[in-house]
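Take a look at the letters that make up each chain.
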Amino acid sequence: MSSAAASESLPLTTTSVDRYEEQLAAKLASVRQCFSGVQFPDVQVVESEREHYRMRAEFAVWRDKEDLYYVMYDTATREGSVEPVRTRVRVDQFPVGSRLLNTLMAEVMAVARSDQELKHKLFQVNFHTTLSGEAMVTMLYHRRLDTQWEAAAGALRGQLAACKGLEGALTVAGRSRKQKITLGPGHVTEGLHVAGRQLQYRQLEGAFSQPNAGVCQRMLEWAHESTCGSQAGDLLELYCGNGNFTVVLAENFRRVLATEVSKAAVAAAAENLSANSVANVAIARLTAEELSAAWRGERTFERLRQAGVDLAAMDFTTILVDPPRAGLDAATEALLPHFANVVYISCNPVTLEANLRPLLATHRVRRFAVFDQFPYTHHIECGAYLQRMAEVELPMAEMDERERSTAAEGKEVNAMKDGEMVLEEMVGMEERRQDR
Ligand SMILES: C[S@@+](CC[C@H](N)C(=O)[O-])C[C@H]1O[C@@H](n2cnc3c(N)ncnc32)[C@H](O)[C@@H]1O
């Protein structure tokens, strides 16, 4: 496999399948190092398929005299150098990409090489495929697209539709400055199997979707398991995207308020809720910062009112955040301690740790998982589930009282070590209480 598979512009230069375990172990070690000193339950590790796991990819198009081919950029810091070096790598096949993606990339390049309309000033091609066998191909140009381009793209679309593995809808889109031409539906519908249910997700051209569908299914399962038994309370979800988590988790709650900044993603989320017959979710286009301001009572939003949401009437027990790599802004971070349960999905352990440290004064990590969404890169996705530990804040006298009553019920008396209850014992006690 070529080093171009290090697709997120990352400095991993070795992408051979037989080094997968070693590279994952290194990522795990760096996550543990980030969280050194934090009491943790066992970390659950979700591995990826070694090949063909990536549903979407973007390739720059390179011209070399008359030749035309895809390239990616591999950024690495070489020994003895401080500055990262960016290397251009030719990509004819992309083994980490889905099989359909590989078929399409070969077909598109073969046509683009011989068709002047499609080739002229083409600088990038994006592919987006699904487990359900649908696909979008977006061609980006440094020129205005006209009816001749549209005719050539229509012919390409007809030819691609016959591709092996392409069972369903196909979009071919052309983009240039302030211009977009879409041939086909402009979206794909992914099918994911989660928690015993077959779910449908509309994913939009150019919008965020989880790149590794196999690992995404496992991540959704994990979040579903973590929040099971919360039906009495409400969920606040920030950064909900196309409703990826919302669709799965809604059944675990009485009501859900899901928010997201992108208008297109909010529309897709609404579609996805309806397509999966989810009826207890209100969705509003709000940034996390805006939602925090509304929470603090500093601002009111017509968009919340239109979504039928009165924050004061909600009984939020759980918050789920899934921010971009930069993590949470200060106001959103300050929101977390107000919730008994916190689910934090993160693609950056450094900002995850920074956002969670203050929360550890009141909450404990009950479940922690790493999801290897991005094999052969330094990136790793983490999921943390925290619960407020009322016991931590209880005065010692009250703790003694509770222990006495536990003992009176014939239950095991929880051990005290150096005057402090050990986390595992508190967790065990909490679980026994919930079991009853
Ligand atoms: C990592 S994606 C997660 C999306 C979704 N939870 C999923 O699993 O597909 C982050 C999302 O946050 C949105 N976003 C970025 N900045 C935001 C902000 N300040 N407030 C609200 N949403 C934001 C992006 O549009 C994107 O949909």
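This is a predicted model, so every value here is computed, not measured.

## Remarks on the site of the ligand
Then, number 1: Surrounding the ligand, one finds 17 residues, the nearest of these being Tyr-239, Gly-241, Asn-244, Val-261 and Thr-287.
Then, number 2: Looking at the shell around the ligand, the elements that each hand over two or more residues are helix 6 (244-249) and helix 8 (288-295).
Then, number 3: Its residues assigned to classes, the shell around the ligand comprises eight nonpolar, six polar and three charged.

## Brief notes about the UniProt feature "binding site: S-adenosyl-L-methionine" (unreviewed entry) in the protein chain
Then, number 1: UniProt feature "binding site: S-adenosyl-L-methionine" (unreviewed entry): in the numbering of this structure it lies at Gln-210, Tyr-239, Glu-260 and Asp-322.
Then, number 2: Residue Tyr-239 is classed as buried on the basis of its C-beta count, with 22 C-beta atoms lying within 10 Å.
Then, number 3: Every residue in contact with Tyr-239, bar those within four places of it in the chain, is listed here: Glu-260, Ala-288, Val-321, Asp-322 and Pro-323.
Then, number 4: When neighbours within four sequence positions are excluded, Asp-322 is seen to be in contact with Tyr-239, Phe-245 and Ile-345.

## Some points on the sheet that holds strand 16 (residues 363-371)
Then, number 1: Pairing within the open sheet is mixed, and its eight strands lie in the order 1-16-17-15-14-11-12-13. The open sheet is flanked by strand 1 (43-46) and strand 13 (281-285), the only strands paired with a single partner. Averaged over all pairs of adjacent strands, the angle between strand axes in this sheet comes to 15°, irrespective of strand direction.
Then, number 2: Direction of pairing for strand 11 (residues 234-238) relative to strand 12 (residues 256-260): parallel, over a ladder of three bridges. Counterpart to Leu-236 in the pairing with strand 12 is Leu-257.
Then, number 3: Of the strands in this sheet, strand 12 and strand 13 touch helix 7 (residues 263-275), which is tilted by about 165° from strand 13.

## Focus: the nonpolar core
Then, number 1: With 62 residues, the main nonpolar core has Ala-269, Ile-319, Val-342, Tyr-344 and Ala-384 as its most contacted residues.
Then, number 2: The dominant element in this core, judged by the number of residues it contributes, is helix 5 (residues 213-226), at six residues.
Then, number 3: Leave out the neighbours within four places in its chain, and Tyr-344 touches Val-321, Leu-352, Leu-356 and Ala-384.
Then, number 4: Core analysis: the next-biggest nonpolar cluster, separate from the first, contains 33 residues, Phe-59, Val-61, Leu-118 and Leu-170 among them.

Rules behind the numbers
Residues numbered from 1 in each chain as written. Predicted model: local features only at pLDDT ≥ 70, side-chain atom pairs only at ≥ 80, totals over all residues. Near = placed C-beta within 6 Å. Helix = DSSP H or I, 4+ residues; strand = E, 2+ residues; numbered from the N terminus. Nonpolar A, V, L, I, M, F, W, Y, C, P; charged D, E, K, R; others polar. UniProt positions renumbered as here; feature names shortened; annotations may be inferred. Buried ≥ 20, exposed ≤ 12 C-beta atoms within 10 Å, placed from the backbone. Contact = placed C-beta atoms within 7 Å. Pairing = 2+ DSSP bridges. Axes fitted to C-alpha atoms, helices over the stretch in contact; angles between N-to-C directions. Core = buried A, V, L, I, M, F, W, Y, C linked by C-beta atoms within 7 Å.

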